[in-house]
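Structural overview for review
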Amino acid sequence: MPLTAYLPKEPTMIRLTLDEARTLSLSILRHAGFSEAQAQAVTATVVAGERDGCASHGLYRVLGCVSSLKAGKVVADAEPEVVDQAPSIVRVDARGGFSQLAFQAGLPLLADKARANGIAALAINRCVHFSALWVEIEQLTELGLVALACNPSHAWVAPAGGSKPIFGTNPVAFGWPRAGKHPFIFDFATSAIARGDIELHRRAGKPIPEGWGIDASGQPSTSAEAVMNGAMLTFGGHKGSALAAMVELIAGPLIGDLTSAESLAYDAGSKSSPYHGELIIALDPQRFLGAAADEHLARAEALFDGIEGQGARLPSQRRYDARDRSLSEGVQIPQALYDDLKALLS
Ligand code: NDP
Ligand code: PYC
């Protein structure tokens, strides 16, 4: 038998225009019983994920929306409630719906407060959360604001030096607006990789790289399935571990919401999307700097030039390139995923 016979096959791909991707997601979410507002808010983020080459937070997430609804872990027609908590704090109660609609509801007041005070925070509570954070960060940079966001998830990740999951994959995202250019944005899980990527490897029958996780007996593993049943690892050892703990604290107890361990306990084995809170902080350079804003923002450009000038790339550049391609060519998803999605319409 040739060696290649043992290698996982490349999946057959199917091409969709962005409109087709949007229609597919919307029709599945409506058919499942989600309100128009929830369906539209989720569709905007999963189509953006697919468009920007972030398949781990793209159309495949629609499967999780429907299974979370069937498990009774998301409120299909939740209407977020915006609360003016303090001069610099907005709170949005998602009332058990998805984080995307809650973010949309809180964004205008967050921006107003950031402009008035220089800094403001949005605490989203009681939301079902599965989205990539750059989608939200971009909406803040478009308003000329600097932004930071983070949230816990389910306890899937072991602390550095340990072997039992306690942290979520706990993403941290940051954005810096740039006049006439794409914003500087990074957005990463504090685990070595997002869990969605491990799930996509499992679906494709592919091994995962070493360093992403350990099996249930604590041994390093390249099996996606074994790592999903064992523990994921943090990026950067103790450094990622400390950042993951920080996210648990500031987007958990500080905002009166669940930690990743509590979210997983609430899930009770249903394998639904995590249920917890999110913290978003917005800063207004104009308020910090007044008349000197342009001068200092120009100095920031020198930093970016210094990075790119030596051949390094800025985070999100791959994403922006993928966006340009998708806008003209559409996106490609595995046929198996397309079939699983279409099956939700019957
Ligand atoms: P990646 O490791 O794929 O990427 C992390 C960041 O690093 C991106 O901004 C990426 O930009 C940038 N980057 C990658 N390679 C380079 C490079 N060579 N030079 C400069 N920058 C680089 O992301 P993760 O797997 O950690 O996370 C993926 C997504 O998962 C995130 O959007 C995150 O929000 C989401 N997530 C959501 C969770 C939730 O609870 N809702 C939980 C965990 C993750 P680029 O994209 O351009 O490559
Ligand atoms: O990919 O780790 C992940 C994730 C968790 C919740 C949403 N995405």
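The rules we used
Residues numbered from 1 in each chain as written. Chains lettered and ligands numbered in written order. Predicted model: local features only at pLDDT ≥ 70, side-chain atom pairs only at ≥ 80, totals over all residues. Heavy atoms only, no water. Near = heavy atom within 4 Å. Polar contact = N/O pair within 3.5 Å; in protein donor to acceptor, adjacent residues only side chain to side chain. Areas by Shrake-Rupley, 256 points an atom, 1.4 Å probe, with all protein chains shown as cover. Nonpolar A, V, L, I, M, F, W, Y, C, P; charged D, E, K, R; others polar. Patch = residues over 30% accessible without salt bridge, like charges linked within 9 Å, V, L, I, M, F, W, Y side chains within 5 Å. Salt bridge = Lys/Arg side-chain N within 4 Å of Asp/Glu carboxyl O. Helix = DSSP H or I, 4+ residues; strand = E, 2+ residues; numbered from the N terminus. Expected span 1.5 Å × (residues − 1). Buried < 20%, exposed > 50% of the residue type's maximum accessible area, 1.4 Å probe, protein only. Arc of directions from axis to C-beta. Contact = heavy atoms within 4.5 Å. Pairing = 2+ DSSP bridges. Axes fitted to C-alpha atoms, helices over the stretch in contact; angles between N-to-C directions. Parallel < 35°, antiparallel > 145°, perpendicular 65-115°, else oblique. Domains from an automatic or database assignment.

Let us now look at the site of ligand 2. Around ligand 2, the surrounding shell consists of H57, R61, H129, F130, W156, T169, A194, R195 and G196. R61 places a polar side-chain atom, nitrogen or oxygen, 3.0 Å from an oxygen atom of ligand 2. The separation between an oxygen atom of ligand 2 and a polar main-chain atom of R195 is 2.8 Å. Protein chains bury 92% of the 240 Å² of accessible surface belonging to ligand 2 in isolation. Taken together, the residues of the shell around ligand 2 sort by class into three nonpolar, four polar and two charged.

It is worth spelling out a nonpolar patch on the surface at this point. A cluster of nonpolar side chains, I119, F288 and L289, forms an exposed patch at the surface whose accessible area comes to about 270 Å². By the element assignment, I119 lies in strand β4 (residues 119-128).

This part takes up helix α8 (residues 238-250). If you check α8, its first and last C-alpha atoms are 18 Å apart, about what 13 residues at 1.5 Å a residue would give, namely 18 Å. Regarding α8, the residues found buried are G240, S241, A244, V247 and E248. Down the axis of α8, the buried set is contained in an arc of 120 degrees. They therefore lie on one face. Residues H238, K239 and L249 are exposed on α8 and point more than 90 degrees away from its buried face. Lining the buried residues of α8 we find β5 (146-150), β6 (172-176) and α9 (260-267).

A few words now on helix α1 (residues 18-32). The terminal C-alpha atoms of α1 lie 21 Å apart, and with 15 residues this matches the ideal 21 Å at 1.5 Å per residue to within 8%. Those residues of α1 that sit buried are L18, A21, L24, S25, L26, I28 and L29. Of the residues one or two after α1, G33 is the one with positive phi, at around 115 degrees.

Examined bridge by bridge, β5 and β6 share four bridges and lie antiparallel to one another. The residue of β6 that forms the bridge with C150 is V172. Both β6 and strand β7 (residues 184-188) contribute to a ladder of five bridges, which runs antiparallel. Bridge pairing links G175 to I185 in β7.

Let us now look at the sheet that holds strand β3 (residues 89-93). Ordered in space as β2-β3-β4-β10-β5-β6-β7, the seven strands form an open sheet in which the pairing is mixed. In the strand order of this sheet, the two ends are held by β2 (81-86) and β7, each with one partner. Direction aside, neighbouring strands of the sheet carry axes that sit 15 degrees apart on average. Across five bridges, β3 lies against β4 in parallel orientation. The residue of β4 that forms the bridge with V92 is I124. Across the sheet, helix α4 (residues 99-117) is in contact with β2, β3, β4 and β10 (275-283); its angle to β4 comes to roughly 165 degrees.

This paragraph deals with the packing of helix α2 (residues 36-51) against α4. Packed helices, taken two at a time, are described by their axes: the angle between them and the distance between them. Where α2 meets α4, the axes come as close as 8 Å, and the angle between the chain directions of the two elements is 95 degrees. In terms of orientation, α2 lies roughly perpendicular with respect to α4. In this structure, α2 contributes A37, Q38, A41, V42 and T45 to the contact, and α4 contributes Q100, L101 and Q104. Tallied by class, residues from the contact of α2 with α4 come to four nonpolar, four polar and no charged.

Mapped onto the fold, N170 is located in the loop between β5 and β6. At 2.9 Å, the side chain of N170 forms a polar contact with the side chain of E248. Setting aside residues up to four positions removed in sequence, N170 forms contacts with N151, P152, S153, F188, A189, T190, A244, V247, E248 and S260.

Turning next to unusual backbone geometry. Positive phi is not limited to glycine here, since R95 has a value of about 50 degrees. Relative to the elements of secondary structure, R95 occurs in the loop between β3 and α4. On the basis of relative accessible area, R95 is assigned to the partly exposed category, the value being 39%. Residue S316 is not a glycine yet carries a positive backbone phi of 85 degrees.

A separate point is the site of ligand 1. Around ligand 1, the surrounding shell holds 24 residues, and the nearest of these are H57, S131, D187, A189 and R318. Contact between ligand 1 and R319: an oxygen atom at 3.2 Å from a main-chain N or O atom of the residue. For the shell around ligand 1, the secondary structure elements donating two or more residues are β7 and α12 (317-329). Both of domain 1 (10-71 + 316-345) and domain 2 (81-191 + 234-314) provide at least three residues apiece to the shell around ligand 1.

Nothing here speaks to function; it is all geometry.
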